[in-house]
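A look at the structure
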Amino acid sequence: SVERKQGLVVLTDGHANAGARDDATLIQIVKNLLTTSPGLSITCVGYGENHNSDIMSKMGIEGGGSYNIVKNLEDVATVFGEILGGLLSVAAQVIEVFLPPGSECDTVYPKDMMEGGITKIRIGDLYAEAEQTLIFKSSPYQGPVRITGVAMPNLERINEVCEPLLLQEGEDPDPILKLADYRQQVSMLLKRFRGSFGVSADISQEAVALKTLLENSSLKEDPLVLMMIDDLNTIVRVQAETHSAY
């Protein structure tokens, strides 16, 4: 029932040793759960140094929740407290964004192609005082954007139709869009990095190029940008250490 916020928290090392074992089947189980319980969000907590981060991050994203890491039992209470606090602060759930036909959007969120070429992106939960920014390629002639979901706690249905904010050729995007673009690029690179187990010259080169871009941007002093630079430094360092080991 969407009248209550439902959350499923999975604490595991991510290595399936019974029943469904392959990634595709596990993701399908997540999709089936969301079909029968639309208001459900699935959050994964990876336990231990060698947990399967790839499948757990996929399940967290597909489940409209999050992916967290605990290295020891002492961390469990803290992480679970943060997760439960987040569930209590949900301002809207089952959020889906429908982009006009022909739009192009690279995002970590699950997306499906609908009839008529409309792209559906499943955001899941939105938290109080938080925001999500989607960057996509479109044109004024392709149509509006539609947003659906359920507002909490009054349970009003959300069905908003709006024209996309389009940048003119040569126009510099505002800082919010720039930050969203940088976050998306770093997130996609981190996802590939985790999936490659830290061994990829291409990823290392992309990390160096993206790090240089951030260090020379007008937002280089922003705390979020500094965190992203640290993440990129980690990729470069791990790659260098891997080559040294070989």
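Residues numbered from 1 in each chain as written. Predicted model: local features only at pLDDT ≥ 70, side-chain atom pairs only at ≥ 80, totals over all residues. Heavy atoms only, no water.

Concerning the overall build of the protein chain
Put simply, the test is: Starting at the N terminus, helices and strands are each numbered in turn, a helix being any DSSP run of H or I of at least four residues and a strand any DSSP run of E of at least two. Computation of the radius of gyration draws on C-alpha atoms, with the globule rule given as 2.2 Å multiplied by the number of residues to the power 0.38. When accessible area is computed with a 1.4 Å probe and restricted to protein chains, residues below 20% of their type maximum are described as buried, those above 50% as exposed, and intermediate ones as partly exposed. Only heavy atoms matter for contacts: two residues are in contact if any of them lie within 4.5 Å across the pair. Only the protein chains shown count as cover for residues, and all accessible areas are computed by the Shrake-Rupley method using a 1.4 Å probe.
Within the protein chain, the secondary structure is distributed over 6 helices and 8 strands. Going from the N terminus to the C terminus, the protein chain shows its helices and strands as β-α-β-α-β-α-β-β-β-β-β-α-α-α. Since a compact globule built from 246 residues should have a radius of gyration of about 18 Å, the 19 Å found for the protein chain is in line with a globular shape. Dimensions of the protein chain along its principal axes, counting C-alpha atoms only, are 55 × 50 × 30 Å. Taking all 246 residues of the protein chain together, the buried fraction comes to 37%. Counting only contacts in the protein chain whose residues sit at least 6 apart along the sequence, the fraction spanning at least 24 positions is 65%. About 14,600 Å² of surface is accessible on the protein chain, with carbon and sulfur atoms providing 54% of the total.

Some words on the sheet that holds strand E5 (residues 111-113)
Condition: Strand pairing is assigned whenever DSSP identifies at least 2 bridges connecting the two strands. For helices, the fitted axis covers only the stretch in contact; all axes are lines through C-alpha atoms, and the angles between them, taken along N-to-C directions, range from 0 to 180 degrees.
Pairing in this open sheet of 5 strands is antiparallel, and the strands run E5-E6-E4-E7-E8 from one edge to the other. Here the strands that pair on one side only, and so sit at the sheet edges, are E5 and strand E8 (157-162). Shown here is a sheet whose adjacent strand axes are inclined to one another by a mean of 20°, direction ignored. Inspection of the sheet shows strand E7 (residues 145-151) paired to E8 by 6 bridges, in the antiparallel sense. Considered in E8, the bridge of valine 150 is made with arginine 157.

Topic: the state of the cysteines
Spelled out, the test is: Working definition: a disulfide is two cysteine sulfur atoms within 2.5 Å of each other.
Under the definition given, this model contains 0 disulfides. Free of any disulfide, cysteine 162 has its nearest neighbouring cysteine sulfur in cysteine 105, separated by 14 Å. Relative accessible area serves as the criterion here: at 35%, cysteine 162 is assigned to the partly exposed category.

Let's talk about the packing of aromatic side chains
This is how the line gets drawn: The rule is short: rings of Phe, Tyr and Trp, with Trp giving its six-membered ring, pair when the centres are within 6.5 Å, and they are stacked under 30 degrees, edge-to-face over 60, tilted in between. Comment: the charge-over-ring label is applied if NZ (Lys) or CZ (Arg) is within 6 Å of the ring centre and within 35 degrees of the ring normal.
In this structure the tally under the stated criterion is 0 aromatic pairs. When the ring centre of phenylalanine 98 is taken as origin, the NZ or CZ atom of arginine 146, which lies over that ring, is 4.4 Å away.

Regarding the layout of surface pockets
What counts here: Think of a 1 Å grid over the protein atoms and nothing else: a 1.4 Å probe that fits but is trapped marks a cavity, an open set flanked by protein within 12 Å on at least five of seven lines marks a pocket, and residues with an atom within 4 Å of a point count as lining. Grid points are joined across faces, edges and corners, and a volume is the space filled by probe spheres set on the points. Gly is put with the polar residues, along with every residue not named as nonpolar or charged; the nonpolar set is Ala, Val, Leu, Ile, Met, Phe, Trp, Tyr, Cys and Pro, and the charged set is Asp, Glu, Lys and Arg.
In this structure, the largest pocket spans a volume of roughly 1,600 Å³. Lining the largest pocket are 43 residues; nearest its centre among them are Val108, Tyr109, Gln132, Arg183 and Ser187. Secondary structure elements with two or more residues in the lining of the largest pocket: strand E2 (40-47), helix H2 (53-62), strand E3 (64-70), helix H3 (73-88), strand E6 (119-127), helix H4 (175-195) and helix H6 (223-245). Per-element accounting of the lining of the largest pocket gives the leading share, 10 residues, to H4. Broken down by class, the residue content of the lining of the largest pocket amounts to 21 nonpolar, 14 polar and 8 charged. Reported here for the second largest pocket is a volume of approximately 1,100 Å³. As for the second largest pocket, its lining consists of 33 residues, and the residues nearest its centre are Thr133, Leu134, Ile135, Phe136 and Leu177. Going through the elements one at a time, strand E4 (90-99), E6, E7 and H4 are the ones with two or more residues in the lining of the second largest pocket.

Topic: the pattern of salt bridges
Put simply, the test is: By definition, a salt bridge exists where a carboxyl oxygen of Asp or Glu is found within 4 Å of a side-chain nitrogen of Lys or Arg.
A complete count under the given rule lists 6 salt bridges for this structure. Across the pair aspartate 112 and arginine 122 runs a salt bridge, and its minimum N-O distance is 3.4 Å. Here arginine 122 lies in strand E6 and aspartate 112 lies in strand E5, a separation of 10 residues in the sequence. With a relative accessible area of 28%, aspartate 112 lands in the partly exposed category. We note a salt bridge from glutamate 215 to lysine 211, for which the minimum N-O separation is 3.0 Å. Taken as a pair, glutamate 215 and lysine 211 lie in helix H5 (residues 201-215) at a separation of 4 residues, close to a single helical turn. Each of Asp23, Asp54 and Lys58 takes part in salt bridges that share partners, so that together they form one network.

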